[in-house]
Amino acid sequence: MRKNVIAGNWKMNKTISEAKEFIEATKAKIPSSDKAEAIVCAPALYLTELVKLTEGTDLKIAAQTMHYEESGAFTGEISPTALKSIGVEYAVIGHSERREYYNETDESVNKKTHAALQHGITPIVCIGETLEEREADKTNEVVGGQVEKALEGLSAEQVSTVILAYEPVWAIGTGKTATAQQANEVCTFIRNVVKEKVSAEAADAVRIQYGGSVKPANVDELLSESDIDGALVGGASLEADSFLALVEAGA
Ligand code: PEP
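Everything quoted here is computed from the prediction, not taken from an experiment. (Residues numbered from 1 in each chain as written. Predicted model: local features only at pLDDT ≥ 70, side-chain atom pairs only at ≥ 80, totals over all residues.)

Running from N to C, helix α1 (residues 16–26) and helix α2 (residues 47–54) cross one another at 20 degrees; their axes reach a closest spacing of 10 Å. Considering the angle they form, α1 stands roughly parallel to α2. Judged by the twist between their axes, the crossing of α1 over α2 is right-handed. Contacts between α1 and α2 pair I16, A19, K20 and I23 from the former with E49, L50, L53 and T54 from the latter. (Axes fitted to C-alpha atoms, helices over the stretch in contact; angles between N-to-C directions. Helix = DSSP H or I, 4+ residues; strand = E, 2+ residues; numbered from the N terminus. Parallel < 35°, antiparallel > 145°, perpendicular 65-115°, else oblique. Left-handed = near helix turned anticlockwise from the far one by under 90°. Contact = placed C-beta atoms within 7 Å.)

Between helix α5 (residues 106–118) and helix α7 (residues 139–151), whose axes approach to 7 Å, the crossing angle comes to 40 degrees. When the axis of α5 is compared with that of α7, the two are oblique. Relative to α7, α5 is oriented so that their crossing is right-handed. Contacts between α5 and α7 pair D106, V109, N110 and T113 from the former with Q146, K149 and A150 from the latter. The class makeup of the residues in the contact of α5 with α7 is 2 nonpolar, 3 polar and 2 charged. (Nonpolar A, V, L, I, M, F, W, Y, C, P; charged D, E, K, R; others polar.)

Let's shift gears to the pairing of strand β6 (residues 163–166). Side chains of β6 alternate between two faces, with I163 and A165 and L164 and Y166 buried alike. When strand β5 (residues 122–127) meets β6, the two strands line up parallel, connected through 4 bridges. Across the sheet, the residue bridging to I124 is I163, located in β6. Note that β6 and strand β7 (residues 207–211) share 4 bridges and pair parallel. (Buried ≥ 20, exposed ≤ 12 C-beta atoms within 10 Å, placed from the backbone. Pairing = 2+ DSSP bridges.)

Here the UniProt feature "modified residue: Phosphoserine" (unreviewed entry) sits at S213. For S213, a count of 20 C-beta atoms within 10 Å corresponds to the buried category. Setting aside chain neighbours within four positions, we find S213 in contact with A171, T174, G175, K176 and T177. (UniProt positions renumbered as here; feature names shortened; annotations may be inferred.)

The following block contains the structure:
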């Protein structure tokens with residue numbers, strides 16, 4: 001049985017006091033982690049403080065991106081070593097906004113995935129097609145290629161611990177959700193790619209989230225699908241009540 005992963009991606013939102021208020025309002029209400037994992041992907045500046053605030057609770061804190069090098073002349077970047085040193089356990093890698101605005105490529109996603117795993121950080125690796133690609137019937141080609149490249153060179157054991165987030169770019173922040181059936185079709189395809197390229201065991205174990213305008217009103221239907229193991233949520237994760245409702249649905 002795969003455990004659901006519900007992750008809220010705050011993106012570039014909230015002040016530190018708003019962030020702390022959210023954590024204080026939610027951390028004691030998260031169901032135990034053997035039912036589902038609940039994660040907040042917070043702005044880098046707040047990670048140290050939020051990790052401390054959530055210590056001993058079932059709410060986990062993730063970085064929204066990271067560099068693949070351990071240290072060096074990369075002004076403004078954050079290394080996996082630094083994240084690990086403050087107790088961060090997860091990092092989002094290759095979010096479509098990073099791919100679109102910050103030159104994230106399949107190659108850097110692969111390097112970051114390796115680096116995260118080497119440092120004991122669980123990568124949440126985002127993949128997904130644009131509207132143009134979907135309309136040109138290229139969804140499987142694009143998503144399959146992204147998955148294959150992201151996981152290149154990893155052992156089956158490592159792949160089993162990765163979280164993949166299928167996020168059709170056209171559904172992110174647009175209010176357009178893929179139907180549960182559309183989302184599951186691609187998640188099943190992704191699982192088959194992992195089976196073919198890595199192993200049947202890794203395909204069985206790897207968690208695949210769906211992301212793209214998920215909210216309390218549609219999360220149950222999405223999570224009831226066979227190959228969807230959680231959600232990566234932007235807008236609907238910003239309010240404590242809405243985030244808690246999503247986590248409850250996953251538990
Ligand atoms: C996201 O940030 O990854 C996301 C899916 O955003 P939203 O839920 O707002 O579409």
